[in-house]
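Listed below are the residues making up each chain.
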Amino acid sequence: MFSWLEKNPFFFAVGVFVVIAFAGLIEIVPDFAQQSRPVVGAKPYSLLELAGRQVYIKESCNACHSQLIRPFKSETDRYGMYSLNGEYAYDRPFLWGSKRTGPDLHRVGNYRTSDWHANHMWEPTSVVPGSIMPAYKHIFKNVADLETAYAEALTVKKVFNVPYDKDMNGDGKIDVPLGSFKQAKQRALQYALKVAQETKRKDLVDMVKQGKVPEIVALIAYLNRLK
Amino acid sequence: MNWLSDNVNRLALLGAAAILIIVIGVVAKYFKQIKEGKSEGVLKEENWDGIGEYKNNSPIGWSLAFIGTIVWGVWYWLVGYPLNAYSQIGEYNKEVKAYQAKFESKWANPSKEDLLGMGEGVFLVQCSPCHGIDGTGIEGKAQDLTHRLLKKEVLDVIHRGSAALGNPNGQLGYPLGMMPPGLLSGADAEAVASYVAGGFKGSGKGADLFQNTCASCHGPDGRGMNGMAPNLREYDDTIVQHVLEHGKHGIIGRMPSFKGRLTPVQEKAVAVYIRSLSEGE
């Protein structure tokens, strides 16, 4: 019945294109739907949080932790409100994860604090006796890479129009300032100092005061931001 | 026990034998066909560089399934999906509603043991990472729930008032609102703090000062006058509820708010469990 197609490579190619394009359409069109737009109140990550996100990716936390709360009662009881598409609008790449060796972290900022994270990352079994999570002592010494984080923020601002330096909610104030690297770094250092003080660890506070942000501080800023 | 006396085992054995016989039969049939079979049928008109193809009718079962799927597909696209659109969130809402109704009817009048068990469960999941699985606060990292208040906490609250709990204008949402800073200082503050942290034992300077300065809000017995101000003697239902709703940021650290995350019965249960931790005192 279709043997004439086999003799006409051009029409065959057109046919193949139509079939594949249709499948593509089904997958792509929903991404433009309203529910995939940023949810009201979603904000891009600040410089420090972005640097923390890079630590999270670098240390492969997503190999053991998901960031996606499914709409099941058992999950919302434990972690809070189920996740919405639009909450990931500024996640590049998203860190849904596919394995839960440890618990979901999408709203961990609601029920854990900076000092708890510092204790836990230093020695997980000191707060959760049976924990099998590895200790991350090295990130208390490593310095976070603010330059790369800034480059990432600037790129997504320029290329994808991510609303840095913009008034998003119309209250006349800039919601997530970025500015030049110098300004952004200054702001990140202030923010880092606050987080470092919350961890109650003098070594971290001292490092920030010397103008170096320990990776753990950036990571905690990122975890606190997950709400 | 003779394993053949078990029905399931016998059935499984029978099934295994049947599968074996069928496999041997089918394999034998095709071997025979490969050895003796001749190709037959009508050739198609087209051939590709001399290689031809037989006309074979598709099997009826296959054809029916193929056409059936197409018909079903059209129905699903045009009628099935749009008209009974399945929603994951809808199912979630239903699940939660059904659960809530069951939860409420099951625990309408929980006994103390029920509450204790439920409270322990909630505590181990939600609270133990900070307060420790034994509730002692992991060496000062969070409140030691086997004991009501530490002296340094009381002193801090006397000096800084509500600011020592997280908000100078009142943090915990009690009807009396906020606790003013600097009601006492120096040795007086020390004496009251020892008295309160020591569990309201004995009499003397601390006890007298408490009656004069603090009792008007916290009650002469320190139990908070039925929820007007915090109960300073034990973790009653009210203080647990208020802390869970508003969170607290004190001299020990920060406790995040758990607003909306536990049901009222669960909050009561966790309070009962917390009180059970200090029963030996």
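Not measured: the values here are computed from a predicted model.

### Quick word on unusual backbone geometry
Look at the link from Arg 92 of chain A to Pro 93 of chain A: it is a cis peptide, with omega at -10 degrees. Along the chain, Pro 93 of chain A turns up in the loop between helix H4 (73-79) and helix H5 (114-122). Phi angles above zero are rare outside glycine, and Ser 60 of chain A is one such case at about 55 degrees. If you trace the backbone, Ser 60 of chain A turns up in the loop between helix H3 (47-58) and H4. Given a relative accessible area of 39%, Ser 60 of chain A falls into the partly exposed group. At Met 225 of chain B, a position not held by glycine, the phi torsion is positive, near 50 degrees. Along the chain, Met 225 of chain B turns up in the loop between helix H8 (205-218) and helix H9 (237-246).

### Thoughts on empty space enclosed by the protein
Counted under the stated rule, the structure contains two cavities of 30 Å³ or more. If you add up the space inside the largest cavity, you get close to 80 Å³. If you go around the largest cavity, the residues you meet are Pro 44, Tyr 45, Leu 50, Arg 53, Tyr 90, Asp 91, Arg 92, Glu 152, Val 156, Val 162 and Tyr 164 of chain A. For the lining of the largest cavity, the secondary-structure elements that each account for two or more residues are H3 and helix H6 (146-160) of chain A. When its residues are assigned to classes, the lining of the largest cavity shows seven nonpolar, no polar and four charged. Considered as a void within the structure, the second largest cavity measures approximately 30 Å³ in volume. Considering the residues around the second largest cavity, the lining is formed by Gln 143, Asp 144, His 147, Arg 148, Leu 149, Leu 150, Glu 153 and Ile 252 of chain B. Broken down by class, the residue content of the lining of the second largest cavity amounts to three nonpolar, two polar and three charged. Shared between two domains, the lining of the second largest cavity takes at least three residues from each, and those domains are domain 1 (108-148 + 236-281) and domain 2 (149-233) of chain B.

### Things to note about the domain arrangement of chain B
Residues and elements named next belong to chain B. As far as domains go, chain B holds domain 1 (108-148 + 236-281) and domain 2 (149-233). Taken together, the 15 residues of domain 1 in the interface contact 19 residues of domain 2. Roughly 1500 Å² of surface becomes buried between domain 1 and domain 2 when both sides are summed, with 55% attributable to carbon and sulfur atoms. Scanning the region where domain 1 abuts domain 2 turns up one salt bridge. Lys 248 is paired through a salt bridge with Glu 153; the nearest N and O atoms lie 3.6 Å apart. Linking domain 1 with domain 2 are 12 residue pairs in polar contact (both at pLDDT 80 or more). Secondary-structure elements contributing two or more residues to the side of domain 1 that touches domain 2 are H9 and strand E1 (248-249).

### Quick word on the interface of chain B and chain A
Of the residues lining the interface, 25 residues belong to chain B; the matching set on chain A comes to 24 residues. It is Tyr 92, Pro 129 and Arg 261 of chain B that lose the most area in chain B upon contact with chain A, and together they represent 27% of the buried surface on that side. Our count for the chain B to chain A interface comes out at zero salt bridges. Between chain B and chain A we count five residue pairs in polar contact (both at pLDDT 80 or more) in total. Counting only elements with at least two residues in the side of chain B that touches chain A, the list comes to helix H3 (88-106) and helix H4 (112-131) of chain B. Counting residues per element, the side of chain B that touches chain A draws most heavily on H3 of chain B, at seven residues. Tallied by class, the residues present in the side of chain B that touches chain A amount to 14 nonpolar, six polar and five charged.

### A closer look at the packing of H6 of chain A against helix H7 (residues 181-199) of chain A
All names here are of chain A. For the pair H6 and H7, the least separation of the axes is 11 Å and the interaxial angle reads 120 degrees. Here H7 runs oblique to H6, going by the angle between their axes. When the axes of H6 and H7 are compared, the crossing they make is right-handed. Taking contact as the criterion, the partners of Leu 146, Glu 147 and Tyr 150 in H6 are, on H7, Phe 181, Ala 184, Lys 185 and Ala 188.

### Considering the environment of Met 179 of chain B
Position of Met 179 of chain B relative to the elements: it lies in the loop between helix H6 (151-160) and helix H7 (186-197). Aside from chain neighbours lying at most four places away, what touches Met 179 of chain B is Val 157, Ile 158, Gly 161, Ser 162 and His 218 of chain B.

### A short note on the domain arrangement of chain A
By convention, interface size is frequently given as the accessible area that disappears when the constituent parts associate. The assigned domain composition of chain A is domain 1 (2-30) and domain 2 (47-225). Between domain 1 of chain A and domain 2 of chain A, the C-alpha centre-to-centre distance is 44 Å.

### Quick notes on the environment of Cys 64 of chain A
All names here are of chain A. With respect to the secondary-structure elements, Cys 64 resides in the loop between H3 and H4. Taking relative accessible area as the criterion, Cys 64 reaches 30% and is therefore assigned partly exposed. For the pair formed by Cys 64 and Ala 153, sequence separation is 89 residues and the distance between their alpha carbons is 26 Å. Once residues within four sequence positions are removed from consideration, Cys 64 is found in contact with Lys 99, Arg 100, Thr 101 and Gly 102.

The rules behind these values
- Residues numbered from 1 in each chain as written.
- Chains lettered and ligands numbered in written order.
- Predicted model: local features only at pLDDT ≥ 70, side-chain atom pairs only at ≥ 80, totals over all residues.
- Heavy atoms only, no water.
- Helix = DSSP H or I, 4+ residues; strand = E, 2+ residues; numbered from the N terminus.
- Buried < 20%, exposed > 50% of the residue type's maximum accessible area, 1.4 Å probe, protein only.
- 1 Å grid on protein atoms, 1.4 Å probe; cavity = no way out; pocket = protein on both sides within 12 Å on 5 of 7 lines; lining within 4 Å.
- Points joined across faces, edges and corners; volume = space filled by probe spheres on them.
- Nonpolar A, V, L, I, M, F, W, Y, C, P; charged D, E, K, R; others polar.
- Domains from an automatic or database assignment.
- Contact = heavy atoms within 4.5 Å.
- Buried area = accessible area lost by both parts, 1.4 Å probe.
- Salt bridge = Lys/Arg side-chain N within 4 Å of Asp/Glu carboxyl O.
- Polar contact = N/O pair within 3.5 Å; in protein donor to acceptor, adjacent residues only side chain to side chain.
- Axes fitted to C-alpha atoms, helices over the stretch in contact; angles between N-to-C directions.
- Parallel < 35°, antiparallel > 145°, perpendicular 65-115°, else oblique.
- Left-handed = near helix turned anticlockwise from the far one by under 90°.

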